[in-house]
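A look at the structure
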Amino acid sequence: FFRETDGLIAAYDTFKHDAALLDFDDILTRTRDLLRANRKVRDDVAARYRFILIDEFQDTDPTQCEVLFLISSEHGDGPLW
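Predicted model, so just to flag it, every value in this text is computed and none were measured. Sequence order as written defines the numbering, with residues in each chain counted from 1. With the structure being a predicted model, the display of local features is reserved for residues of pLDDT at least 70 and the display and counting of side-chain atom pairs for 80 or more, all residues being used for whole-chain, interface and lining totals. Heavy atoms throughout the structure, all of them, feed into the side-chain values; hydrogens and water do not.

With that settled, consider the overall build of the protein. Each helix is a run of H or I in the DSSP string that is no shorter than four residues. Each strand is a run of E no shorter than two, and both are numbered from the N terminus. Along its length, the protein carries four helices and zero strands. Shown N-terminal to C-terminal, the secondary structure of the protein runs as helices and strands in the order α-α-α-α. Our radius of gyration looks at C-alpha atoms and nothing else; its globule reference is 2.2 Å times the residue count to the power 0.38. Here the C-alpha atoms of the protein give a radius of gyration of 16 Å, more than 25% beyond the 12 Å that 2.2 N^0.38 yields for 81 residues. With respect to the principal axes defined by its C-alpha atoms, the protein has extents near 45 × 30 × 20 Å. A 1.4 Å probe rolled over the protein chains alone gives each residue an accessible area, and that area as a share of the maximum for its type sets the label: buried under 20%, exposed over 50%, partly exposed in between. For the protein, with 81 residues in total, the buried portion stands at 22%. Between two residues, a contact is recorded if the distance between any of their heavy atoms is within 4.5 Å. Contacts spanning at least 24 positions in sequence make up 57% of the contacts within the protein whose residues lie at least 6 apart. When the accessible surface of the protein is split by element, carbon and sulfur atoms take 59% of a total near 6700 Å². Lys and Arg are tallied as positive, Asp and Glu as negative. Neither His nor the chain termini are counted. Think of each charge as sitting on NZ of Lys, CZ of Arg, CG of Asp or CD of Glu. Between the averaged position of the 10 positive side-chain charges in the protein and that of its 17 negative side-chain charges there is a distance of 8 Å. For the area figures, the Shrake-Rupley method with a 1.4 Å probe applies, and any residue is considered shielded solely by the protein chains shown.

Nonpolar cores were defined as sets of buried Ala, Val, Leu, Ile, Met, Phe, Trp, Tyr and Cys residues, with membership established by side-chain atoms within 4.5 Å. Counting residues in hydrophobic clusters, the biggest one holds five residues: Leu 28, Leu 35, Val 67, Leu 70 and Ile 71. Going through the elements one at a time, helix H2 (24-37) and helix H4 (62-72) are the ones with two or more residues in this core. If sequence neighbours within four positions are ignored, Val 67 has contacts with Leu 28, Thr 31, Arg 32 and Leu 35.

Attention now moves to the pattern of salt bridges. Where charged atoms from two side chains of opposite charge approach closely, those side chains can pair. Salt bridges are identified by distance alone: a Lys or Arg side-chain nitrogen within 4 Å of an Asp or Glu carboxyl oxygen. One pass over the full model with this rule turns up eight salt bridges. A salt bridge links Asp 33 to Arg 32; the nearest nitrogen and oxygen atoms lie 2.9 Å apart. For Arg 32, a relative accessible area of 13% puts it in the buried group. Measuring nitrogen to oxygen at the nearest pair gives 3.9 Å for the salt bridge that ties Glu 66 to Arg 32. Remark: Arg 32 occurs in helix H2 and Glu 66 occurs in helix H4; sequence separation between them is 34 residues. By relative accessible area, which is 2% here, Glu 66 ends up buried. Shared partners join several salt bridges into a network, and the residues in it are Asp 13, Lys 16, Asp 23 and Asp 26.

By the secondary structure assignment, Asn 38 is in the loop between H2 and helix H3 (39-48). You can call Asn 38 partly exposed: its relative accessible area is 30%. Separated by 14 residues in the primary sequence, Asn 38 and Phe 24 place their C-alpha atoms 21 Å from one another.

As C-alpha cells, this is what we get:
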C-alpha cells in the first residue's frame, strides 16, 4: 500500500465495520483463515468437491490460490501456502 491511501483504507474499514458489511476480499480472507485454522472445515469442504475448474488462473490472486490448495490437497494435509 501507499501511505497516501492509509487514511482512505482505514475509513473504508471503519465504514464496513459500522455497517456490518463485508466485501469480496473480506469474504475471501475470512474463508482462507477459517480453512487454515479449522481442519474439520477443511476436510468437510474438500470432501464436498470432486473436481475444481479454475477459469483464468493467471488472474487468480494468492489468497484465492491458497483457498484452492487448502481444499484440494490430499486429505486436507497439504502444507500451508
